[in-house]
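# Chains, contacts and geometry: an overview
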Number of protein chains: 2
Amino acid sequence: MKIFGIDPGSVRTGYGCVERTGNRHHLVLCGSLAAPSSATFPERLQHIHAGLTALLADCRPDCVAVETIFHARNVRSALKLGHARGVALLAASEAGLSVYEYAPAEIKRAVAGYGRAEKPQIQQMVKLLLGLAATPAPHDVADALAVAICHLHNFTGPTAEAIRRHKPSKGVARSWREFRPS
Amino acid sequence: MKIFGIDPGSVRTGYGCVERTGNRHHLVLCGSLAAPSSATFPERLQHIHAGLTALLADCRPDCVAVETIFHARNVRSALKLGHARGVALLAASEAGLSVYEYAPAEIKRAVAGYGRAEKPQIQQMVKLLLGLAATPAPHDVADALAVAICHLHNFTGPTAEAIRRHKPSKGVARSWREFRPS
């Protein structure tokens, strides 16, 4: 099972593809997309969209995972983030992939075991879980890998088995939102 | 000069293309894009993007005009609107077109002569200015035509001439923001 995580942003968009083979996660690829600083806002969006489209075609993941965003510092930053996230979801949809959304606390819980973990803890745990030589940086890359790992935890392994067998208690499972192409 | 106006929305995206020949504006085409209600959110974005891409290829406008959005009811609606607006700007950028942004008050002033005009006044004035038989509906279509007309007012005719000749006073001209492909 191969998951492509995205952490969209209008300045920099992190991405990371994680595969599960047997009982181990391993990194397929990761990085970030940043348009040249001279680019206009529509050109930045085009850069993100074209980059992700090429990466998805290259990686051929089973699905895409992204963080839900209900919160943002303010309306203006929400709007900017929304633009970048819109073109990221578009690239996933055009590739015919299901998109899974996870709340930030759920991602932190899946990766660091604690819903209020700080950024450096997330980076450290992503490094450990994937057996990387270096800490994934910048944050956007670690965050993209974290959401991919979170999806793997939910859909494979003992947790997923438990969720499938038991009707999960409210707020515990089904913390994700699924968009499956119709 | 042919302008393609867009009023993006995640449920419905209005569009309208207006051409100026001599001293008159006339309608090239207008309408709205709405994905089937069964579509997932990423599929809605794909519907908007594919629709606008086809329309821009068909219309071959000189540029695209959209409303700026600094305000929104709340962060959540700003996020949703941002997604739709992101894929609209992407379609314009992919078509190699400059994008001009206008503040809502500026559009209302250009079309109805009053920055706080209500929706029905805008619809009525768009109908009059383009010599239409019926009022453009829904609102999204009238709003898309209004922003296209606003751009024509700014870039052609006596107003544009005056702006070009005089250094405009603060807040009067340059109310638009331009994104020209580099």
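Residues numbered from 1 in each chain as written. Chains lettered and ligands numbered in written order. Predicted model: local features only at pLDDT ≥ 70, side-chain atom pairs only at ≥ 80, totals over all residues. Heavy atoms only, no water.

## A short note on the overall build of chain A
Summing up its helical and strand segments, chain A has 6 helices and 6 strands in all. The long-range fraction of contacts in chain A, counting pairs at least 24 apart against all pairs at least 6 apart in sequence, stands at 62%. Accessible surface for chain A amounts to roughly 8500 Å². Of this, 52% is attributable to carbon and sulfur atoms. (Helix = DSSP H or I, 4+ residues; strand = E, 2+ residues; numbered from the N terminus. Contact = heavy atoms within 4.5 Å. Areas by Shrake-Rupley, 256 points an atom, 1.4 Å probe, with all protein chains shown as cover.)

## A short note on the side chain of Asp7 of chain A
All names here are of chain A. Secondary-structure assignment places Asp7 in strand 1 (residues 2–7). An unpaired buried charge is present at Asp7: no salt bridge exists, and Lys119, the closest side chain of opposite charge, is 5.8 Å distant. Excluding its chain neighbours within four sequence positions, the residues that come into contact with Asp7 are Arg12, Thr13, Gly14, Asp140, Asp143 and Ala144. (Buried < 20%, exposed > 50% of the residue type's maximum accessible area, 1.4 Å probe, protein only. Lys, Arg positive; Asp, Glu negative; His and termini not counted. Salt bridge = Lys/Arg side-chain N within 4 Å of Asp/Glu carboxyl O.)

## Things to note about the pairing of strand 5 (residues 98–102) of chain A
Residue and element names in this part refer to chain A. Burial analysis of strand 5 places 5 of its 5 residues in the buried class, which makes it a mostly covered element. Here strand 5 shows no split at all, with Ser98, Tyr100 and Tyr102 on one side and Val99 and Glu101 on the other all buried. With 5 bridges connecting them, strand 4 (residues 63–67) and strand 5 associate as parallel partners. When the sheet's bridge partners are listed, Val64 is paired in strand 5 with Val99. (Pairing = 2+ DSSP bridges.)

## Description of the pairing of strand 1 of chain A
Residues and elements named next belong to chain A. Within strand 1, 6 of the 6 residues are buried, which leaves it mostly tucked inside the rest of the structure. Burial along strand 1 is two-sided: the face carrying Lys2, Phe4 and Ile6 and the face carrying Ile3, Gly5 and Asp7 are both buried. Taking the residues between adjacent antiparallel strands as the criterion, strand 1 and strand 2 (residues 13–21) are bridged by 5 residues. With 4 bridges joining them, strand 1 and strand 4 adopt parallel strand pairing. If you follow Gly5 over to strand 4, its bridge partner there is Ala65.

## Observations concerning unusual backbone geometry
Residue and element names in this part refer to chain A. A cis amide bond links Ala137 to the next residue, Pro138, at an omega of -5°. Relative to the helices and strands, Pro138 resides in the loop between helix 4 (119–130) and helix 5 (139–155). The phi dihedral of Arg60 is positive, around 50°, even though this residue is not glycine. Mapping Arg60 onto the fold places it in the loop between helix 1 (41–59) and strand 4. You can call Arg60 exposed: its relative accessible area is 68%.

## Things to note about the confidence of the model for chain A
Residue and element names in this part refer to chain A. Per-residue pLDDT for chain A averages 86, and the proportion of residues at 70 or more is 85%. Across residues 166–174, where pLDDT falls below 50, the model places 4 contacts with residues more than four positions away in sequence or in other chains. Quick note on the complex model: pTM equals 0.86, ipTM equals 0.84. (pLDDT = per-residue confidence, 0-100.)

## Observations regarding the packing of aromatic side chains
Residue and element names in this part refer to chain A. Applying the stated criterion to the full structure yields 2 aromatic pairs over all chains. Judged by centre distance (6.0 Å) and plane angle (5°), the rings of Phe4 and Tyr15 are stacked. Of this pair, Phe4 sits in strand 1 while Tyr15 sits in strand 2, placing them 11 residues apart in sequence. A single burial state applies to Phe4 and to Tyr15, both of which are buried. (Phe/Tyr/Trp six-rings, centres within 6.5 Å; stacked < 30°, edge-to-face > 60°.)

## Thoughts on helix 5 (residues 139–155) of chain B
Residues that lie three or four places apart on an α-helix share one face, since the helix turns once every 3.6 residues. End to end, helix 5 of chain B covers 24 Å across 17 residues, agreeing with the expected 24 Å (1.5 Å per residue, within 8%). Taking burial as the measure, the 17 residues of helix 5 of chain B include 14 buried ones, the bulk of the element. (Expected span 1.5 Å × (residues − 1).)

## Observations regarding the interface of chain B and chain A
Contacts between chain B and chain A engage 30 residues on the former and 30 residues on the latter. For the chain B and chain A pair, buried surface summed over both sides reaches about 2700 Å², with 68% attributable to carbon and sulfur atoms. At the junction of chain B with chain A, the criterion picks out 0 salt bridges. Going through the elements one at a time, helix 1 (41–59) and helix 2 (75–94) of chain B are the ones with two or more residues in the side of chain B that touches chain A. (Buried area = accessible area lost by both parts, 1.4 Å probe.)

## Some remarks on the side chain of Thr13 of chain A
Residues and elements named next belong to chain A. Within the element layout of this structure, Thr13 appears in strand 2. Polar contacts involving the side chain of Thr13 include one to the main-chain carbonyl oxygen of Gly9, which spans 2.9 Å. Discounting chain neighbours no more than four positions away, the residues touching Thr13 are Ile6, Asp7, Pro8, Gly31, Ser32, Leu33, Ile48 and Leu52. (Polar contact = N/O pair within 3.5 Å; in protein donor to acceptor, adjacent residues only side chain to side chain.)

## Comments concerning the relation of the copies chain B and chain A
After a rotation of 180° and a shift along the axis of 0.0 Å, chain B superposes on chain A with an RMSD of 0.0 Å. Classification of the inter-copy transformation places it as that of a two-fold axis. (Least-squares fit on C-alpha atoms with pLDDT ≥ 70 in both.)

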